[in-house]
Amino acid sequence: MSLTDDLTRLDELRRNGALSESEFQQAKDRLLGGSPAGGPALNAFNQLRRSRSDRWLAGVCGGLARSTGLESWGWRLIFSVLLLMGGMGIVAYLLLWIFVPEE
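These lines cover the structure that appears in this document, whether it is placed above or below. Just so you know, these numbers come straight off a predicted model, no measurement behind them.

1. Topic: the pattern of salt bridges
Right, so step 1: All chains considered together, the criterion is met by four salt bridges.
Right, so step 2: As a salt-bridge pair, R15 and D11 come within 3.2 Å of each other at their nearest N and O atoms. Note that R15 and D11 are positioned in helix α1 (residues 3–16) at a spacing of four residues, about one turn of the helix.
Right, so step 3: Between E21 and R14 there is a salt bridge whose closest N-O contact spans 3.4 Å.
Right, so step 4: Exposure remark for R14: the relative accessible area of 29% places this residue in the partly exposed category.
Right, so step 5: The structure contains a network of salt bridges with shared partners spanning D11, R14, R15 and E21.

Below, the structure written as structure tokens:
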């Protein structure tokens, strides 16, 4: 189906009463790319940046702290515990260091 067909079908569903006005608007926004399917969580992840001021090594924990609201020491603790449980903490930290841009 093309985008025009999808929009026409949505409009028909709205006129028939199968969709409320707000449901129609949400579906239309998703089709047109107005709001991502992931919503606010995806937007927060896309805005994740490594911190320049709150850093010990690369600023990953400081950036996560600013994005999530959890203190940076909490993120450091999480990565430390993951490091002790099979080394996943260092892998995750290195991947974030490589792929998350600096602010």
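After that view, the rundown keeps rolling.
2. Side note on helix α6 (residues 88–99)
Right, so step 1: Here α6 contains 12 residues, and its C-alpha end-to-end distance of 16 Å stays within 8% of the 16 Å for a straight helix at 1.5 Å per residue.
Right, so step 2: Of the surrounding secondary structure, the elements contacted by the buried residues of α6 are α4 (60–68) and α5 (72–84).

3. Side note on the nonpolar core
One recurring pattern in soluble globular proteins is that nonpolar side chains are buried together.
Right, so step 1: Counting residues in hydrophobic clusters, the biggest one holds 11 residues: L48, A58, V60, C61, L64, A65, W75, F79, Y93, L96 and V100.
Right, so step 2: Of all the elements in the fold, those that place two or more residues in this core are α4, α5 and α6.
Right, so step 3: Counting residues per element, this core draws most heavily on α4, at four residues.
Right, so step 4: Setting aside chain neighbours within four positions, we find V60 in contact with R50, F79, Y93, L96 and W97.

What counts and what doesn't
Residues numbered from 1 in each chain as written. Predicted model: local features only at pLDDT ≥ 70, side-chain atom pairs only at ≥ 80, totals over all residues. Heavy atoms only, no water. Salt bridge = Lys/Arg side-chain N within 4 Å of Asp/Glu carboxyl O. Helix = DSSP H or I, 4+ residues; strand = E, 2+ residues; numbered from the N terminus. Buried < 20%, exposed > 50% of the residue type's maximum accessible area, 1.4 Å probe, protein only. Expected span 1.5 Å × (residues − 1). Contact = heavy atoms within 4.5 Å. Core = buried A, V, L, I, M, F, W, Y, C linked by side-chain atoms within 4.5 Å.

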